[in-house]
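Letter by letter, the chains look like this.
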Amino acid sequence: MKRAVAERFGPAVLDGSGAVDRAALGRVVFADRAELDWLEALLHPRVVREYGAWREELGRRPDPPRAAVVEVPLLYETGGETRFDKVVVITAAPEVRAARAPVADAREERLLPDEEKVRRADFAYVNDGSLADLDRFVAEVLERLP
């Protein structure tokens, strides 16, 4: 994958050690939708295969976990929700998100509105409280799973 990215975008998207510089790559692809589409066509099938293999490996264990959690930033936007038994959406107000991750770019513009994600989700939580509050929500979700 690294080689394909370097061939497509050149050495400017690699760091000093030859690894993909995600910030540099982001500046390129979020400025050009066609380049973003190319990158997603490269990455998304690979991510889906790796998630599937991981889930199968968990299922083969003598004592498989009750739940496996996967964070998918573009879940609904890519139609990926069909690959999961349940969907949990955790949102935060825009000002809270901005304080936590002050660099906003075209990534945020591509996301469905929080209200739509919450409407589609099996479980939803507005993360505007403490870490203990979030932990309680997660515990409640796990209790409600079959």
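Residues numbered from 1 in each chain as written. Predicted model: local features only at pLDDT ≥ 70, side-chain atom pairs only at ≥ 80, totals over all residues. Heavy atoms only, no water.

Draft legend 1. Quick peek at the overall build of the protein chain. Scanning the protein chain for helices and strands turns up seven helices and two strands. For the protein chain, the C-alpha atoms occupy an extent of roughly 50 × 45 × 30 Å along the three principal directions. Out of the 146 residues belonging to the protein chain, those deemed buried represent 22%. Looking at the protein chain as shown, the accessible area adds up to about 10300 Å², and 55% of this sits on carbon and sulfur atoms. Here the protein chain contributes 23 positively and 28 negatively charged side chains, and the mean placements of these two sets differ by 4 Å. (Helix = DSSP H or I, 4+ residues; strand = E, 2+ residues; numbered from the N terminus. Buried < 20%, exposed > 50% of the residue type's maximum accessible area, 1.4 Å probe, protein only. Areas by Shrake-Rupley, 256 points an atom, 1.4 Å probe, with all protein chains shown as cover. Lys, Arg positive; Asp, Glu negative; His and termini not counted. Charge placed at Lys NZ, Arg CZ, Asp CG, Glu CD.)

Draft legend 2. Focus on the packing of aromatic side chains. Taken as a whole and judged by the stated rule, the model has four aromatic pairs. Ring centres of Phe9 and Trp38 lie 5.5 Å apart, and the angle between their planes is 80 degrees; on these two criteria the pair is classed as edge-to-face. Separated by 29 residues along the polypeptide, Phe9 in helix α1 (residues 2-9) and Trp38 in helix α3 (residues 33-60) bring together distant segments of the chain. Residue Trp38 is classed as partly exposed on the basis of its relative accessible area, which comes to 24%. Taken together, a centroid distance of 6.3 Å and an interplanar angle of 55 degrees make the contact between Tyr51 and Trp54 tilted. With Tyr51 and Trp54 both in helix α3, this residue pair falls three residues apart, about one helical turn. Here the aromatic residues Tyr51, Trp54 and Phe84 are joined through ring pairs into a cluster of three or more. (Phe/Tyr/Trp six-rings, centres within 6.5 Å; stacked < 30°, edge-to-face > 60°.)

Draft legend 3. View of the pairing of strand β2 (residues 123-126). On β2, burial follows the alternation: Phe123 and Tyr125 on one face are buried, whereas Ala124 and Val126 on the facing-out side are not. Two elements, strand β1 (residues 88-91) and β2, share four bridges in a ladder whose sense is parallel. Its bridge partner being in β2, Val89 is matched across the sheet by Ala124. (Pairing = 2+ DSSP bridges.)

Draft legend 4. Quick look at the environment of Glu81. The topology assignment puts Glu81 in the loop between α3 and β1. In the structure, Glu81 is positioned 39 residues away from Arg120 in sequence and 9.4 Å away in space, judged by C-alpha atoms. Setting aside its immediate chain neighbours within four residues, Glu81 contacts Leu75, Tyr76, Val87 and Arg120. (Contact = heavy atoms within 4.5 Å.)

Draft legend 5. Region of the structure containing the confidence of the model for the protein chain. Here the protein chain averages 90 in pLDDT, and 95% of its residues register 70 or above. Within the protein chain, no element has a lower average pLDDT than helix α5 (residues 106-109), which sits at 70, and none a higher one than β2, at 96. (pLDDT = per-residue confidence, 0-100.)

Draft legend 6. Expanded view of helix α7 (residues 131-144). Here α7 contains 14 residues, and its C-alpha end-to-end distance of 20 Å stays within 8% of the 20 Å for a straight helix at 1.5 Å per residue. For α7, every residue scored as buried is listed here: Leu134, Phe137 and Val141. Viewed end-on, α7 has its buried residues packed into an arc of 60 degrees, placing them on one side of the element. Those residues of α7 hidden inside the fold are in contact with β1 and β2. (Expected span 1.5 Å × (residues − 1). Arc of directions from axis to C-beta.)

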